[in-house]
Amino acid sequence: MSDVATFPAAPAARQTRRSALFPLAVRDVTLRFGETTVLNGASLDLETSGCTMIVGPNGAGKSLFLKLLHGLIQPTSGRIDWGGLPAAQATARQALVFQKPVLLRRSVAANIDFVLKARRQDPARRDALLAHVGLAHKARQPARLLSGGEAQRLALARALATDPEVLFLDEPTASLDPASVLAIETIVNEARAAGTRIVFVTHDMGQARRMADDVVFLHRGRVAEHSPAADFFSGPQSQAAQDYLNGRIVV
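Quick caveat, the model's predicted, so the values are computed rather than measured.

### Quick word on the overall build of the protein
Step number 1: A count of helices and strands for the protein gives 10 helices and 9 strands.
Step number 2: For the protein, the spread of C-alpha atoms along the three principal axes comes to 50 × 40 × 40 Å.
Step number 3: When each of the 251 residues of the protein is scored for burial, the buried share is 51%.
Step number 4: Pairs at least 24 residues apart make up 71% of the contacts formed inside the protein by residues separated by at least 6 positions.
Step number 5: Each charge class in the protein can be summarised by its mean position, and for the 29 positive and 23 negative side chains these summaries are 7 Å apart.

In structure tokens, the structure reads:
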């Protein structure tokens, strides 16, 4: 997309700081709502860099797993350890973009201003962030008038305004047109290149193939596979993952 600028490379000091949250260790995490078990003994290890794609059938617990990692909800049992940091400190170094962004009922620019002020960051960053996601020309427009793709790009700009070490994305391109998907993937890839760790839930296997460094396959509330993307797509180890990639519904 021509109006999306190249995201500036992260300085060396920022790259050093970005390692503070890793390695991530998830151990035997279970999540229950009443008598319903949504996640059942999920375990995972993640290293410092790259883009992890979380895939799996509907009901596998992907979005809830993302919220657990981000600290929005707490597990019923098990442990999530972000480099030994207290949970509140770890969450403060992360950002999450939902499938349906919730924007402030203000202008496009004011949505960024709000985050920069809350994080006590330089307000002059706003214009660069909006230019980066191709929304500089809509800075004064009410955010509620943005199209779906534009709203998602604003949500990404708002997340990047927090300078996150980890960016969680919960199906951010679902139901968007191909041009919007490309624009969002470009922004995410540039954030990754600048040192931000990406953890991305998707149902789009084409997108996963384009973007993933490694793939986490959830099945029946467990991490059934975690492997480099090339290995997962060329030869998944579990029958469930083979069925999923072949278009057979897995429950």
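So, next bit.
### Here we look at unusual backbone geometry
Step number 1: In the segment running from Phe22 into Pro23, the intervening peptide bond is cis, with an omega of 5 degrees.
Step number 2: Secondary-structure assignment places Pro23 in the loop between α1 (12-17) and β1 (24-33).
Step number 3: We note that Asp163 has phi near 55 degrees; this positive angle belongs to a residue other than glycine.
Step number 4: Mapped onto the secondary structure, Asp163 falls in the loop between α6 (148-160) and β6 (166-170).
Step number 5: We classify Asp163 as buried; its relative accessible area is 19%.
Step number 6: The phi torsion at Arg220 lies on the positive side, around 55 degrees, for a residue other than glycine.
Step number 7: Structurally, Arg220 can be placed in the loop between β8 (214-219) and β9 (222-228).

### Observations concerning the confidence of the model for the protein
Low-pLDDT portions of the prediction should not be read for the details of their coordinates.
Step number 1: On average, residues of the protein carry a pLDDT of 91, and 92% of them reach 70 or more.
Step number 2: Segment residues 1-17: pLDDT under 50, and 32 contacts once partners within four positions in sequence are set aside and those in other chains are kept.

### A few points about the sheet that holds strand β2 (residues 36-46)
Step number 1: Taking strand neighbours across the sheet as the criterion, the 3 strands line up as β2-β1-β4 in an open arrangement whose pairing is antiparallel. Two strands close off the open sheet at either side, each with one partner strand: β2 and β4 (77-82). Averaged over all pairs of adjacent strands, the angle between strand axes in this sheet comes to 20 degrees, irrespective of strand direction.
Step number 2: Summarising the sheet, β1 and β4 pair through 5 bridges and their orientation is antiparallel. Bridge pairing links Leu24 to Trp82 in β4.
Step number 3: Packing of helix α2 (residues 62-70) onto the sheet brings it into contact with β1, β2 and β4, and relative to β1 it is tilted by some 120 degrees.

### Observations regarding the packing of helix α5 (residues 125-132) against α6
The packing of two helices is summarised by the inter-axis angle and the distance between the axes.
Step number 1: Where α5 meets α6, the axes come as close as 9 Å, and the angle between the chain directions of the two elements is 140 degrees. Here α5 is positioned oblique relative to α6, judged by the angle of their axes. Like other packed secondary-structure pairs, α5 and α6 cross with a definite hand, here right-handed. On the side of α5, the interface is formed by Arg125, Leu129, Leu130 and His132, while α6 contributes Leu154, Ala157 and Leu160.

### A look at α5
Step number 1: Within α5, burial applies to Arg126, Leu129, Leu130 and His132. Buried positions in α5, seen along its axis, are confined to an arc of 160 degrees and lie on one side of it.
Step number 2: Residues of α5 that are buried make contact with α4 (108-118), α6 and α7 (178-193).
Step number 3: Looking one or two residues beyond α5, the residue adopting positive phi is Gly134, at roughly 75 degrees.

### Some thoughts on the layout of surface pockets
Once rolled over the atoms, a probe with the size of a water molecule shows which space is left empty.
Step number 1: If you add up the space inside the largest pocket, you get close to 290 Å³.
Step number 2: Looking at the lining of the largest pocket, the elements that each hand over two or more residues are β5 (94-97) and α6.
Step number 3: Tallied by class, the residues present in the lining of the largest pocket amount to 10 nonpolar, 3 polar and 2 charged.

### Considering α6
Since the α-helix turns once every 3.6 residues, residues separated by three or four places project in the same direction.
Step number 1: The end-to-end C-alpha separation of α6 is 18 Å, in line with the 18 Å expected for 13 residues at 1.5 Å each.
Step number 2: With 12 of 13 residues buried, α6 lies mostly within the body of the structure.
Step number 3: For α6, the complete set of buried residues consists of Gly149, Glu150, Ala151, Gln152, Arg153, Leu154, Ala155, Leu156, Ala157, Arg158, Ala159 and Leu160.
Step number 4: The inward-facing, buried residues of α6 contact β5, α4, α5, β6 and α7.

So, how was this worked out
- Residues numbered from 1 in each chain as written.
- Predicted model: local features only at pLDDT ≥ 70, side-chain atom pairs only at ≥ 80, totals over all residues.
- Heavy atoms only, no water.
- Helix = DSSP H or I, 4+ residues; strand = E, 2+ residues; numbered from the N terminus.
- Buried < 20%, exposed > 50% of the residue type's maximum accessible area, 1.4 Å probe, protein only.
- Contact = heavy atoms within 4.5 Å.
- Lys, Arg positive; Asp, Glu negative; His and termini not counted.
- Charge placed at Lys NZ, Arg CZ, Asp CG, Glu CD.
- pLDDT = per-residue confidence, 0-100.
- Pairing = 2+ DSSP bridges.
- Axes fitted to C-alpha atoms, helices over the stretch in contact; angles between N-to-C directions.
- Parallel < 35°, antiparallel > 145°, perpendicular 65-115°, else oblique.
- Left-handed = near helix turned anticlockwise from the far one by under 90°.
- Arc of directions from axis to C-beta.
- 1 Å grid on protein atoms, 1.4 Å probe; cavity = no way out; pocket = protein on both sides within 12 Å on 5 of 7 lines; lining within 4 Å.
- Points joined across faces, edges and corners; volume = space filled by probe spheres on them.
- Nonpolar A, V, L, I, M, F, W, Y, C, P; charged D, E, K, R; others polar.
- Expected span 1.5 Å × (residues − 1).

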